[in-house]
Amino acid sequence: MTKNLDWANLGFSYIKTDYRFIARWKDGKWDEGELTTDNTLHIHEGSTAIHYGQQCFEGLKAYRCKDGSINLFRPDENAKRMQKSCDRLLMPQVPTELFIRACKEVVKANQEWVAPYGTGATLYLRPFVIGVGENIGVRSAPEFIFSVFACPVGAYFKGGLAPSNFIVSEYDRAAPYGTGAAKVGGNYAASLYPGKLAKERNFADCIYLDPKTHTKIEEVGSANFFGITKDNKFITPISPSILASITKYSLLHIAKERLGMETIEGDVFIDQLDQFAEAGACGTAAVITPVGGIQHGDNFHVFYSETEVGPVTKRLYEELVGIQFGDRPAPEGWIVKVELD
């Protein structure tokens, strides 16, 4: 049984599901954790997550397959990335086993909220770690909470696999030696204002350039950038300030191993967009959003089309989504099945 929702028209917004997982770190260790129906956290007013931004989060999805089973896509990579974020903010790592078990338990307990196969919707999982407990000084928290909740979602950008236009922001997403490579809330809080400015000008979001020189593309809103050159190379930016997207690294593998493309992680200069026949933004929420055009100053550069998806981008999307939904063979270790009753 699945919930009676308008699955084909879901957006990317919060919908309360039945269960979430919560574990607590105290006296040097995590407890076993448990499922709860309570979607409200009760934390101390001095919690470091509130005052000093000591928190991080992840995002991954559960996919309903044609046979009714449910897939998680590379959850071990999300666990590793969260561990790096925890290290950066002096929080205890969530062990991979605990991370994956929590995700599985949440999906299993909320399996009625996993969209039917063929609707394009998924169950989005949001794991997070926050510093809590009695505190007032600038220091690491005495206690921590690890939790995972879930929401059924549709496309992050309206229109699904359809081109969107973006504008280069004059603001920086992260400092050169800051927390750009960690998935921490402060990076996203800083993006709210430039994102608002972009939307006021009818762009989907903004393009962030490297904070040191403002000459190279780093990220597209909260997603990673990739371009397909006119000689069929897959190029994506490299920088210590970029959040390492699991979707991007999956696309790098697919482009090389399945499409036979040369793949490059390197500099993408904002004044050299003419080399690209196609471009896209990629991430767990966005999957792949084709970039129709980029506004940079007075110049508006169009890639393949503002209305149609380029052929390589479409092939990459179909291959990635096919793997996630179990319709195409997955590289070893990419799919974790959720055991259902």
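Note that the coordinates shown come from a computational prediction; the quantities given were computed from them, not determined experimentally. (Residues numbered from 1 in each chain as written. Predicted model: local features only at pLDDT ≥ 70, side-chain atom pairs only at ≥ 80, totals over all residues. Heavy atoms only, no water.)

What follows covers the domain arrangement of the protein chain. Interface size is commonly expressed as the accessible area that is lost once the parts come together. When the domains of the protein chain are assigned, the result is domain 1 (20-153) and domain 2 (164-325). Summing both partners gives a buried area of about 1800 Å² for domain 1 against domain 2, and 62% of it is carried by carbon and sulfur. The largest per-residue losses of area from domain 1 upon contact with domain 2 belong to F57, F73 and R81, which jointly make up 34% of the total buried on that side. Here domain 1 and domain 2 share zero salt bridges between them. The interface formed by domain 1 and domain 2 holds nine residue pairs in polar contact (both at pLDDT 80 or more) in total. (Domains from an automatic or database assignment. Buried area = accessible area lost by both parts, 1.4 Å probe. Salt bridge = Lys/Arg side-chain N within 4 Å of Asp/Glu carboxyl O. Polar contact = N/O pair within 3.5 Å; in protein donor to acceptor, adjacent residues only side chain to side chain.)

What follows covers the UniProt feature "modified residue: N6-(pyridoxal phosphate)lysine" (unreviewed entry) in the protein chain. UniProt tags K183 as "modified residue: N6-(pyridoxal phosphate)lysine" (unreviewed entry). Along the polypeptide, K183 turns up in the loop between strand 9 (164-168) and helix 4 (185-200). (UniProt positions renumbered as here; feature names shortened; annotations may be inferred. Helix = DSSP H or I, 4+ residues; strand = E, 2+ residues; numbered from the N terminus.)

In this model, helix 5 (residues 246-257) (twelve residues) spans 16 Å end to end at C-alpha, consistent with the 16 Å of a helix rising 1.5 Å per residue. Every buried residue belonging to helix 5 is among I246, T247, K248, S250, L251, L252, I254 and A255, and all of these are buried. Measuring from the side-chain oxygen of the N-cap residue of helix 5 to the backbone nitrogen of T247 gives 3.2 Å; that N-cap residue is S245. (Expected span 1.5 Å × (residues − 1). Buried < 20%, exposed > 50% of the residue type's maximum accessible area, 1.4 Å probe, protein only.)

In this sheet, strand 14 (residues 262-266) lies alongside strand 13 (residues 233-237) in parallel orientation, the contact comprising five bridges. Paired with I235 across the two strands is I264, which belongs to strand 14. (Pairing = 2+ DSSP bridges.)

A word on the pattern of salt bridges. Counted under the stated rule, the structure contains 17 salt bridges. Ionic pairing is found between R81 and E58, a salt bridge with its closest N-O pair at 2.8 Å. Of the two residues, R81 is situated in helix 2 (residues 75-88) and E58 in the loop between strand 4 (55-57) and strand 5 (60-64); the sequence distance between them amounts to 23 residues. Summarising the burial analysis for this pair, R81 and E58 share the class buried. K80 is the partner of E77 in a salt bridge, and the nearest nitrogen-oxygen pair spans 3.3 Å. Here K80 and E77 lie together in helix 2, a separation of three residues that amounts to about one turn. The class for K80 is partly exposed, based on a relative accessible area of 41%. Sharing partners across several salt bridges, the network here consists of E32, E97, R101 and E105.

Unusually for a residue other than glycine, R74 sits at a positive phi of about 50°. As for its position among the elements, R74 is in the loop between strand 6 (70-73) and helix 2. By relative accessible area, R74 is classed as buried at 14%.

Where helix 2 meets helix 3 (residues 96-109), the closest approach of the two axes is 9 Å, and the angle between their N-to-C directions is 125°. Considered as vectors, helix 2 and helix 3 are oriented oblique to each other. Helix-helix and strand crossings are classified by hand; for helix 2 and helix 3 the assignment is right-handed. Side by side, helix 2 and helix 3 meet where P75, D76, N78, A79, M82 and Q83 of the first sit next to T96, F99 and I100 of the second. (Axes fitted to C-alpha atoms, helices over the stretch in contact; angles between N-to-C directions. Parallel < 35°, antiparallel > 145°, perpendicular 65-115°, else oblique. Left-handed = near helix turned anticlockwise from the far one by under 90°. Contact = heavy atoms within 4.5 Å.)

In this section: the packing of aromatic side chains. A complete count under the given rule lists 13 aromatic pairs for this structure. Measuring from ring centre to ring centre gives 5.1 Å for F12 and Y124, while their planes differ by 70°; the resulting arrangement is edge-to-face. With a gap of 112 residues between them, F12 in the segment before strand 1 (20-26) and Y124 in strand 7 (residues 122-132) connect regions that are remote in the sequence. Here the aromatic residues F21, W30, F99 and F146 are joined through ring pairs into a cluster of three or more. (Phe/Tyr/Trp six-rings, centres within 6.5 Å; stacked < 30°, edge-to-face > 60°.)

On to the nonpolar core, then. In terms of nonpolar packing, the biggest core is built from 36 residues, with W30, F99, V107, L125, V129 and F146 touching the most fellow members. Taken together, the elements giving at least two residues each to this core come down to strand 1, strand 5, strand 6, helix 2, helix 3, strand 7 and strand 8 (143-153). The element best represented in this core is helix 3, accounting for seven residues. Grouped together as the second largest cluster of nonpolar side chains are 21 residues, L251, L252, V321 and F325 included. (Core = buried A, V, L, I, M, F, W, Y, C linked by side-chain atoms within 4.5 Å.)

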